[in-house]
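So the chains spell out like this:
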Amino acid sequence: MAERGKYKTRQQEVILGCLKKQKLRFLTVDQFMECLEKDNITVGYTTVYRALERLEEEGKVIKLPTKQDIVSQRKKY
């Protein structure tokens, strides 16, 4: 599979902004969605997941599965 090009999207920028606001804790995708809604930014869950995956590939975020996440298949970033 071809390697994706490195570029920043508006969604990546706003997701990184949410992380910076919450720098003392990890966030689930649901918590990212809440953060985005508070800033009146409308994006879908798929967009958030894709942006987080790309940011992880670039080394800007890390995934941290918890015990509960392993059972529910949810991950924290």
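Notes on the structure in this doc start here. Only a predicted model underlies this, so the values are computations on that prediction, with no experimental measurement involved.

## So, the environment of valine 43
(1) Moving on: Here valine 43 shows up in the loop between α2 (29-38) and α3 (45-57).
(2) Moving on: Setting aside anything within four residues of it in sequence, one finds valine 43 in contact with Gln11, Met33, Leu36 and Val48.

## Structural notes on the state of the cysteines
(1) Moving on: Applying the stated criterion across every chain yields a total of 1 disulfide.
(2) Moving on: The disulfide that involves cysteine 18 links it to cysteine 35, with 2.3 Å between the sulfurs. Taking the sign of the S-S torsion, -100° for the link of cysteine 18 and cysteine 35, the bridge is left-handed. Taken together, the positions of cysteine 18 in helix α1 (residues 10-21) and cysteine 35 in helix α2 put the pair 17 residues apart, joining distant regions of the chain. Like cysteine 35, cysteine 18 is buried.

## Re the pattern of salt bridges
Pairs may arise between side chains of opposite charge once their charged atoms sit close together.
(1) Moving on: Overall, the coordinates contain 3 salt bridges when judged by the stated rule.
(2) Moving on: Of the charged contacts, one joins lysine 63 and glutamate 56 as a salt bridge, the two residues approaching to 3.5 Å between their closest N and O atoms.
(3) Moving on: A relative accessible area of 26% means that lysine 63 is categorised as partly exposed.
(4) Moving on: With a closest N to O distance of 3.4 Å, lysine 60 and glutamate 58 form a salt bridge.
(5) Moving on: Residue lysine 60 is classed as partly exposed on the basis of its relative accessible area, which comes to 39%.
(6) Moving on: Residue class for glutamate 58 comes out partly exposed when judged on its relative accessible area of 24%.

## Examining the environment of lysine 63
(1) Moving on: Counting through the fold element by element, lysine 63 comes out in the loop between α3 and α4 (67-72).
(2) Moving on: Linking lysine 63 and glutamate 53, residues 10 residues apart in sequence, is a C-alpha distance of 8.9 Å.

## Observations regarding the nonpolar core
(1) Moving on: By size, the foremost hydrophobic cluster in this structure holds 18 residues, and its most contacted members are Ile15, Leu19, Phe32, Leu36, Val48 and Leu52.
(2) Moving on: When contributions to this core are tallied by element, the ones reaching two or more residues are α1, α2 and α3.
(3) Moving on: Ignoring sequence-local partners within four residues, the contact set of valine 48 consists of Ile15, Val29, Phe32, Met33, Leu36 and Val43.

## Some thoughts on α1
Counting along an α-helix, one turn takes 3.6 residues, and residues three or four places apart therefore face a common direction.
(1) Moving on: The terminal C-alpha atoms of α1 lie 17 Å apart, and with 12 residues this matches the ideal 16 Å at 1.5 Å per residue to within 8%.
(2) Moving on: Among all positions in α1, only Gln12, Val14, Ile15, Leu16, Cys18 and Leu19 are buried.
(3) Moving on: Tucked inside the fold, the buried residues of α1 contact α2 and α3.

What counts as what
- Residues numbered from 1 in each chain as written.
- Predicted model: local features only at pLDDT ≥ 70, side-chain atom pairs only at ≥ 80, totals over all residues.
- Heavy atoms only, no water.
- Helix = DSSP H or I, 4+ residues; strand = E, 2+ residues; numbered from the N terminus.
- Contact = heavy atoms within 4.5 Å.
- Disulfide = S-S within 2.5 Å.
- Buried < 20%, exposed > 50% of the residue type's maximum accessible area, 1.4 Å probe, protein only.
- Salt bridge = Lys/Arg side-chain N within 4 Å of Asp/Glu carboxyl O.
- Core = buried A, V, L, I, M, F, W, Y, C linked by side-chain atoms within 4.5 Å.
- Expected span 1.5 Å × (residues − 1).

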